[in-house]
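# Notes for the structure review
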Amino acid sequence: MKLFCTIFLSLSTFFGFSQSEVTIFGALKDQAQKQPIPYANIELLDENKKLIEGTISDEDGKFIFEGITTGKYTLKIAYLGFEELTDEIRVGELSKNLNLGTYFLKDDTESLEDVVVKANKENVAKNLEKKTYEIDENLSQLGGSTLQAILNLPGITTNNQGEILLRGSNRVALLIDGKQSAITGMGVQENLDNIPASSIERIEIINNPSSKYDSNAGAGIINIILKKESKEGWNAKVGVITGVGSVFQKKGNLVEDMRDQYRFTPKVNPSFSLNYRKEKFNFFANGDVLLYQEVSQNEFTTRNLPNSSESVQQQFLENKNQGVSNFRLGLDYEANSRNTFTFSTYYFRKQYNDLGNIPYVNLESGNRTRLWDYDERELVQIFTAEVKHKYDFEEPGHFIESSISYAFKRKEEDYFFTDIRANQIGSDTTAIVADQQIVDLNLDYTKPLKTGKLEAGLKGRLSQYPNEIIFNPGINSILDLDLQGTAEYQENLGATYANYVYEGEKLALEAGGRLEYAKIDYLVDPNHPVYESDGFDYFEFLPSVRLNYRLNRKNRLALFFNRRVDRPQEKDLRVFPTYADPEILFLGNPGLQPQFTNSYELGYQLEFQEGSLYLATYRKDFENILTRIFTQTPDNQFVSVAQNTGRGSNSGVELNFDYRFTDWLKMNFNSNYYYNVINAFEITNAYPIDTDFSQQEQSNFTGNIKWNTQLKLPKDFSMQTTFTYLARDIIPQGEIKERYSFDLGIKKSVQEGRGEFFFNVSDVFNTFQLKTIRNDDDFNIVATDFFETQVFRVGYNYRF
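Quick caveat, the model's predicted, so the values are computed rather than measured.

If you tally the helices and strands in the protein chain, you get 3 helices and 47 strands. Scaling as 2.2 N^0.38, a compact globule of 800 residues should have a C-alpha radius of gyration of about 28 Å, and the protein chain matches this with 29 Å. Here the protein chain holds 800 residues, and the buried ones make up 57% of them. Excluding contacts between residues fewer than 6 apart, the proportion of contacts in the protein chain whose partners are at least 24 apart in sequence is 67%.

Backbone hydrogen bonds are what pair the strands of a sheet, in a parallel or an antiparallel way. Pairing is mixed in the open sheet, where 5 strands are placed in the order β10-β15-β16-β13-β14. Edge positions in the sheet fall to β10 (130–134) and β14 (179–180), since each of these pairs with one other strand and no more. In terms of strand pairing, β10 meets strand β15 (residues 200–206) through 5 bridges, oriented antiparallel. Directly across from K131, in β15, lies its bridge partner I205.

A separate point is a nonpolar patch on the surface. On the surface, L454, Y500, Y502, L507, L547, Y549, L551, L557, L559 and L602 cluster together into a nonpolar patch covering about 790 Å² of accessible area. For the nonpolar patch, the elements supplying multiple residues, two or more each, are β26 (485–503), β28 (534–550) and β29 (555–566). Of note, L602 is situated in strand β31 (residues 595–608). Relative accessible area serves as the criterion here: at 44%, L602 is assigned to the partly exposed category.

Tallied over the entire structure, the rule returns 27 aromatic pairs. Between F300 and F786 the ring centres are 5.8 Å apart and the planes differ by 80°, which places this aromatic pair in the edge-to-face class. Taken together, the residues F300 in strand β19 (residues 281–304) and F786 in the loop between β46 (780–785) and β47 (791–799) connect sequence positions 486 residues apart. Taking the relative accessible area as the measure of exposure, F786 reaches 15% and is therefore buried. Taking 5.8 Å as the distance between ring centres and 35° as the angle between the ring planes, the aromatic pair formed by F742 and F765 counts as tilted. Here the residue F742 occupies a position in strand β43 (residues 739–750), and F765 occupies one in the loop between β44 (755–762) and β45 (770–775), the gap between them amounting to 23 residues. Residue class for F742 comes out buried when judged on its relative accessible area of 10%. Residue placement shows K250 over the ring face of F787; its charged tip is 5.6 Å from the ring centre.

Mapped onto the elements, P154 comes out in the loop between α2 (146–151) and β11 (156–158). Taking the relative accessible area as the measure of exposure, P154 reaches 6% and is therefore buried. Sequence separation between P154 and N286 is 132 residues, and the spatial gap between their C-alpha atoms is 28 Å.

Further remarks concern the sheet that holds strand β3 (residues 51–56). Strand order in the open sheet formed by 4 strands is β3-β2-β5-β6, with antiparallel pairing between adjacent strands. Each end of this open sheet is capped by a strand with a single partner; those strands are β3 and β6 (82–91). For this sheet, the mean inter-axis angle between neighbouring strands, taken without regard to orientation, is 20°. Note that strand β5 (residues 71–79) and β6 share 8 bridges and pair antiparallel. Directly across from Y73, in β6, lies its bridge partner I89.

As a further point, take the nonpolar core. Taken as a class, soluble globular proteins show a tendency for nonpolar side chains to be buried jointly. Ranked by internal contacts, the top residues of the largest apolar core, which has 43 residues, are Y374 and Y522. When near neighbours in sequence (up to four residues on either side) are disregarded, Y374 contacts R259, F316, E318, D354, L355, G356, Y415, F416, F417 and A580. Judged by nonpolar contacts, the second largest core, of 29 residues, contains L166, L226, Y292 and Y346.

Time to look at the confidence of the model for the protein chain. Averaged over the protein chain, the pLDDT score is 86; the fraction of residues at 70 or greater is 90%. Contacts from residues 1–19, a stretch scored under 50 in pLDDT, to residues over four places away or in other chains number 68 contacts. Per-residue pLDDT stays below 50 along residues 108–126; that stretch engages in 89 contacts with residues further than four places along the chain or on separate chains.

Before going further, it helps to spend a moment on the pattern of salt bridges. In the structure shown here, the tally under the stated rule is 41 salt bridges. A salt bridge links R514 to D214, with the nearest nitrogen and oxygen atoms 3.4 Å apart. With R514 in strand β27 (residues 507–524) and D214 in the loop between β15 and β16 (220–226), this residue pair connects regions lying 300 residues apart in the sequence. Note on R514: relative accessible area 3%, which makes it buried.

With the exception of glycine, most residues fall at negative phi, and the peptide bonds are largely trans. Omega for the bond connecting Y687 with P688 falls within 30 degrees of zero, at -5°, which places this linkage in the cis form. With respect to the helices and strands, the residue P688 is situated in the loop between β37 (681–685) and β38 (691–695). In this structure, S246 is a non-glycine residue whose phi angle is positive, near 50°. Here S246 shows up in the loop between β17 (233–245) and β18 (265–278). Given a relative accessible area of 11%, S246 falls into the buried group.

Cut-offs used in this document
- Residues numbered from 1 in each chain as written.
- Predicted model: local features only at pLDDT ≥ 70, side-chain atom pairs only at ≥ 80, totals over all residues.
- Heavy atoms only, no water.
- Helix = DSSP H or I, 4+ residues; strand = E, 2+ residues; numbered from the N terminus.
- Rg over C-alpha atoms; globule rule 2.2 N^0.38 Å.
- Buried < 20%, exposed > 50% of the residue type's maximum accessible area, 1.4 Å probe, protein only.
- Contact = heavy atoms within 4.5 Å.
- Pairing = 2+ DSSP bridges.
- Patch = residues over 30% accessible without salt bridge, like charges linked within 9 Å, V, L, I, M, F, W, Y side chains within 5 Å.
- Areas by Shrake-Rupley, 256 points an atom, 1.4 Å probe, with all protein chains shown as cover.
- Salt bridge = Lys/Arg side-chain N within 4 Å of Asp/Glu carboxyl O.
- Phe/Tyr/Trp six-rings, centres within 6.5 Å; stacked < 30°, edge-to-face > 60°.
- Lys NZ or Arg CZ within 6 Å of the ring centre and 35° of its normal.
- Axes fitted to C-alpha atoms, helices over the stretch in contact; angles between N-to-C directions.
- Core = buried A, V, L, I, M, F, W, Y, C linked by side-chain atoms within 4.5 Å.
- pLDDT = per-residue confidence, 0-100.

Next up, the structure:
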């Protein structure tokens, strides 16, 4: 507790917010002749009738204002021979473009129709829909992975499986440049620890997505925006980052005669980004190579069996050797003022070798009864290609955008096992080849209106995931040969959506809905002894509503509602077991159904000169909760099977506070407290025999804190720190204990701002660990993972 208080009072990393800039434009015509009025004077006045900016209409009667912030204004139009015209207008926040249209000037009457407003950049401090964070400002995680960068952001936590949680839920959709991708997983969290943060420009967090976004985001959306330069001529940025982890060992090995834990694990990450822009063409490219070693798992587990003398303590040690490459190429082509095409490709390659050891020690005798050793070799390759077309109408912000993309992923994995016991030695080999082929079609339409905008679109997706697992038994094999074979996941999805945005002086409304049909089939080998081919389909209307009410210039209220659906991931349907731990097998379940989530939120925001305060109360109701359940086998071993466990809810309060104390000190404080409820449920695990499990209702009050600060120091130095505290929480069948960490980063600007050196340390005090407890009438499993979290990094970037 003393350490908690000490760290809590320390400084931490700040994530600043950008300011909104809006472009206002319109047109003037003669009411009688219906001809454009050129060279008219147009003035924009603020609420105090102070002149903000003035301009004149061009030869076509059009005018434009740029760099205008959100607020209420008076538009004043004057031209010799016509009566002066004024109009009260409001520049809103929910629409990037506000179409006011054409003003008609007459001698004695005024007639208003349309005009336009275009947001060049969202004001994320004032935008309650999403929060945007620049990766280059996250000094304590520069040189780390995308996963580490995301976990450092306010409101983000992780569970015992290393998944990202938003407000306590792992049902998070991960997008790349606004779309789901095979790189980060289609409805699944993948490869985040293998994508270098150096390839990312910014990250957006959307707690309450509108129906415009894909539906599988019950907890919310994290949108990863990749770097893409578009400046004129040649532009480039290069960098190199090195680091070392496991300098200090968290916990020594359980027994002496096992593999040593990796120490002083090296990390190297060179990167580049460049573009060449000339006239109608913009060529862009970026790439990263990430080479590293790490102690990816070091989990100590005690399995207490009250009705047996076979209670066991074990250590799951995994040393990882990995190389990752990411390369992206693209071309923007402006065919004319209305048509723009973008062609892009992405190649991802991950090759690693995991060396694992699991000693098993009998708690009663203290003797080692077994040593399980494995050598895992895996190669993952992903290729994506996309063509986008954007047609811009005459009014800014009025456009149609279409895209077609193709993704291919292949995973080749080989396991070589050695089973050492007192009286025998065994060996086995397994191999899996898993492919993914995905075709995505998107059509999006946006029409600015005088008081908001209209959005509509269509989406289609065809997916096939064929895979095959092969068992090659050796001597004294433990493999269940009946479970090998083939399977194929097939997904056909079609959706249409519409959103209407209205913005008045006090009230703003966004209302829409998504009509979605999905059919998922999981085709199992007919000879499979446990499962048969299964699947599901649904036809659902998924509404979303957002209501903002402005009390005054500094105070706002917001109300949100949306309904989302999370389809089971292919890996949770997969009927093949994994033998990484032969005494705790992991198995899928093709009978899973989708999880539905209804989300409600009431928010209040206060803005002041030095910062802002956002306070929200929220509730999420879950149906068909997707999770995993452990059951015991007749030979006192365990299986973990994917299951639907009925209903639950999550009700809480979130506080986000930003404050600039001085020009050299800024702070962000985020806290989230919620009441988690998992209703009583009953399930049956079908492997190796039908085993029933029931759980009474569980509930727990929990929360988390992130405190982030930025310091500007003399001689172009800056420093950032982050403190994170996660309280105890419940999971189906058990609980996860509290955990905390503290990160530090320092940056020095050099070479007149073109270069920078930085140094950072993640988990400075080496305190972060994951402890979970699972209970049943016949067993108690306590597991604590002391995996590598403390890493020291130093790097250099230079911009040409």
